[in-house]
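These are the residues of each chain, in order.
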Amino acid sequence: MSDPNGLIQPGRPAPGFTLPATPDGRQTGPEQFRGRPVVLAFYPADWSPVCGDQMSLYQSAAPVFAQYQAVVLGLSVDSIWSHRAFAQSRGIEFPLLADFEPKGEVARRYGAYSPQGEADRALVVLDPAGMVTWSHLSPPDVNPGADGIFDALDQLAANRKVMAG
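Cut-offs and rules
- Residues numbered from 1 in each chain as written.
- Predicted model: local features only at pLDDT ≥ 70, side-chain atom pairs only at ≥ 80, totals over all residues.
- Heavy atoms only, no water.
- Pairing = 2+ DSSP bridges.
- Helix = DSSP H or I, 4+ residues; strand = E, 2+ residues; numbered from the N terminus.
- Axes fitted to C-alpha atoms, helices over the stretch in contact; angles between N-to-C directions.
- Contact = heavy atoms within 4.5 Å.
- Expected span 1.5 Å × (residues − 1).
- Buried < 20%, exposed > 50% of the residue type's maximum accessible area, 1.4 Å probe, protein only.
- Salt bridge = Lys/Arg side-chain N within 4 Å of Asp/Glu carboxyl O.
- Phe/Tyr/Trp six-rings, centres within 6.5 Å; stacked < 30°, edge-to-face > 60°.
- Arc of directions from axis to C-beta.
- Polar contact = N/O pair within 3.5 Å; in protein donor to acceptor, adjacent residues only side chain to side chain.

Trainee: Tell me about the sheet that holds strand 6 (residues 121–126), and name the residues and values.
Mentor: Ordered by their spatial adjacency, five strands build an open sheet running 5-4-3-6-7, and the pairing between neighbours is mixed. The open sheet terminates on both sides in strands that have one partner only, identified here as strand 5 (96–98) and strand 7 (132–138). Across the sheet, the mean angle separating the axes of adjacent strands is 20 degrees when strand polarity is ignored. Of the strand pairs in this sheet, strand 3 (residues 38–42) and strand 6 are connected by five bridges, and their pairing is antiparallel. When the sheet's bridge partners are listed, Val-38 is paired in strand 6 with Leu-126. The sheet contacts of helix 1 (residues 49–60) involve strand 3, strand 5 and strand 6, and relative to strand 6 the element is tilted by about 25 degrees.

Right, dumping it as structure tokens:
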């Protein structure tokens, strides 16, 4: 479980989960991507300007994520139908997962749920074995960008080379 004082910290096993990813009921979660780094991007709401810019940034950075063989999963408490319309309007192709019912259950397990009843703006990078290697909490009105994620992925890649070498 998450740290009672806040966001889940590096060195902890990531709580497992699956959440709706499409209106037809397909479920997605980090376990499906074992063997690859996973970026969990928790965000407050589909249609807020900061969230739209943040998710669009990650979509535009898809080629860089692909270089790391990393998977990005967006998570908010919005419904799958809201996610679908939001993704279509912004050209987002990575999965947006609906932490909708019970509301915010996954965000709570990661320590990324706000008293306002939505996910915090939090980033969590999982290594290929499902361990938390980096986490970051941003103020709700601040787009955290991708530099911290790429630094964490660089560190993962460097650690793999050392272990293989």
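Trainee: Account for helix 1, with residues named and values stated.
Mentor: The end-to-end C-alpha distance of helix 1 is 16 Å, a good match for the 16 Å that 12 residues give at a rise of 1.5 Å each. Taken together, the buried positions of helix 1 are occupied by Cys-51, Gly-52, Gln-54, Met-55, Ser-56, Tyr-58 and Gln-59.

Trainee: Now, about the pattern of salt bridges: what can you tell me, with residues and values included?
Mentor: Under the definition given, this model contains one salt bridge. Between Asp-53 and Arg-90 there is a salt bridge, with its nearest N and O atoms 3.7 Å apart. Pair noted here: Asp-53 is in helix 1 and Arg-90 is in helix 3 (residues 80–90), with a separation of 37 residues, a long-range link. Residue Asp-53 is classed as partly exposed on the basis of its relative accessible area, which comes to 45%. By relative accessible area, which is 34% here, Arg-90 ends up partly exposed.

Trainee: Quick rundown of the packing of aromatic side chains? Include the residues and the values.
Mentor: Pairs of aromatic rings are described using the distance from one ring centre to the other and the angle between the two planes. Counting across every chain of the model gives seven aromatic pairs. Look at Phe-42 and Tyr-110: their rings are 5.5 Å apart centre to centre, the planes differ by 45 degrees, and that puts the pair in the tilted class. Here Phe-42, found in strand 3, pairs with Tyr-110, found in the loop between helix 4 (105–109) and strand 6; they are 68 residues apart in sequence, far enough to count as distant. Where Trp-47 meets Phe-86, the ring centres are 5.4 Å apart and the plane angle is 75 degrees; that geometry is what we call edge-to-face. Placement of Trp-47 in the loop between strand 3 and helix 1 and of Phe-86 in helix 3 is noted, with a sequence separation of 39 residues between them.

Trainee: If you had to explain helix 3 to someone new, which residues and values would you point to?
Mentor: For helix 3, the set of buried residues is Ile-80, Ser-82, His-83, Phe-86 and Ala-87. When helix 3 is viewed along its axis, its buried side chains cluster within an angular range of 150 degrees and face the same direction. Facing away from the buried side of helix 3, by more than 90 degrees, are the exposed residues Trp-81 and Gln-88. Buried residues along helix 3 sit in contact with strand 1 (19–20), helix 1, strand 4 (71–76) and strand 5.

Trainee: Account for the side chain of Thr-22, with residues named and values stated.
Mentor: As for its position among the elements, Thr-22 is in the loop between strand 1 and strand 2 (27–28). Within the local environment of Thr-22, its side chain forms a polar contact with the side chain of Asp-24, the two groups lying 2.3 Å apart.

Trainee: Describe the environment of Arg-36, and please don't skip the residues or the numbers.
Mentor: Inspection of the secondary structure puts Arg-36 in the loop between strand 2 and strand 3. By relative accessible area, which is 34% here, Arg-36 ends up partly exposed. Remark: the alpha-carbon pair of Arg-36 and Ala-21, spanning 15 residues in sequence, is separated by 19 Å. With near-sequence residues (within four places) excluded, Arg-36 lies in contact with Gln-69, Ala-70, Val-71, Asp-127 and Pro-128. Within the structure, the side chain of Arg-36 is placed 2.9 Å from the backbone oxygen of Gln-69, a separation counted as a polar contact.

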